[in-house]
Amino acid sequence: MTEGGYGPALLGCAVVVAALVIRTAVTEMRRPGSARQAWAFLTTGRGLTTFLVAACALAAATYATAGPAYLPWALLAALLLAHVTSEKS
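So, here's what we can say about the structure. A quick note: this is a predicted structure, and the numbers were derived from the prediction, not measured. (Residues numbered from 1 in each chain as written. Predicted model: local features only at pLDDT ≥ 70, side-chain atom pairs only at ≥ 80, totals over all residues. Heavy atoms only, no water.)

1. Focus on helix 1 (residues 7-30)
Helix length check: helix 1, at 24 residues, gives a terminal C-alpha distance of 35 Å against a target of 34 Å (1.5 Å per residue), a fit within 8%. In this structure, the buried residues of helix 1 make contact with helix 2 (34-38) and helix 4 (71-85). (Helix = DSSP H or I, 4+ residues; strand = E, 2+ residues; numbered from the N terminus. Expected span 1.5 Å × (residues − 1). Contact = heavy atoms within 4.5 Å.)

2. A few points about a nonpolar patch on the surface
On the surface, Ile 22, Val 26 and Met 29 cluster together to form a nonpolar patch covering roughly 310 Å² of accessible area. Within the fold, Met 29 resides in helix 1. (Patch = residues over 30% accessible without salt bridge, like charges linked within 9 Å, V, L, I, M, F, W, Y side chains within 5 Å. Areas by Shrake-Rupley, 256 points an atom, 1.4 Å probe, with all protein chains shown as cover. Salt bridge = Lys/Arg side-chain N within 4 Å of Asp/Glu carboxyl O.)

3. A few points about the side chain of Thr 24
Within the secondary structure, Thr 24 sits in helix 1. Judged by relative accessible area, Thr 24 falls into the buried class, the value being 17%. Side-chain polar atoms of Thr 24 contact the backbone oxygen of Leu 20, separated by 2.9 Å. Of the polar contacts made by the side chain of Thr 24, one reaches the side chain of Trp 39; its length is 3.1 Å. Here Thr 24 is in contact with Ala 35 and Trp 39, once residues within four sequence places are set aside. (Buried < 20%, exposed > 50% of the residue type's maximum accessible area, 1.4 Å probe, protein only. Polar contact = N/O pair within 3.5 Å; in protein donor to acceptor, adjacent residues only side chain to side chain.)

4. Quick notes on the packing of helix 1 against helix 4
For the pair helix 1 and helix 4, interaxial distance at closest approach is 9 Å and the crossing angle is 25°. One way to sum up the angle between helix 1 and helix 4 is to call them roughly parallel. Between helix 1, through Ala 9, Leu 10, Gly 12, Cys 13, Val 16, Val 17 and Leu 20, and helix 4, the contact on the second element is made entirely by Pro 72, Trp 73, Leu 76 and Leu 80. Grouping the constituent residues of the contact of helix 1 with helix 4 by class yields 10 nonpolar, 1 polar and no charged. (Axes fitted to C-alpha atoms, helices over the stretch in contact; angles between N-to-C directions. Parallel < 35°, antiparallel > 145°, perpendicular 65-115°, else oblique. Nonpolar A, V, L, I, M, F, W, Y, C, P; charged D, E, K, R; others polar.)

Function-wise, these values are silent; they only describe arrangement.
Written out as C-alpha cells, the structure reads:
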C-alpha cells in the first residue's frame, strides 16, 4: 500500500465515514436532535482527550510499523474509539 500512496486508505476511510454519516442522517430524520447528541462526544473533555491521545498513539504506531499510507485508518480508529468510550447521557 505504500506504493499506492494515500489513495486506497482515504477511499476506504471515506466509505466508512459516509456510512456513519448516512446512519446519523437516517436517525436524525426519525428523531430530530439525535445527530447533535450522537456527535456531542467530541465536545466533551473526555471524548476529545480520548480522541487526541488515541490518535497520537495510533498514528505513531502506524507510522513506525507500516508507514504514512495507513494514517487515515489510525485517525478513523481513534474517532471510533472516542465514540465508544464516551459517556452516554
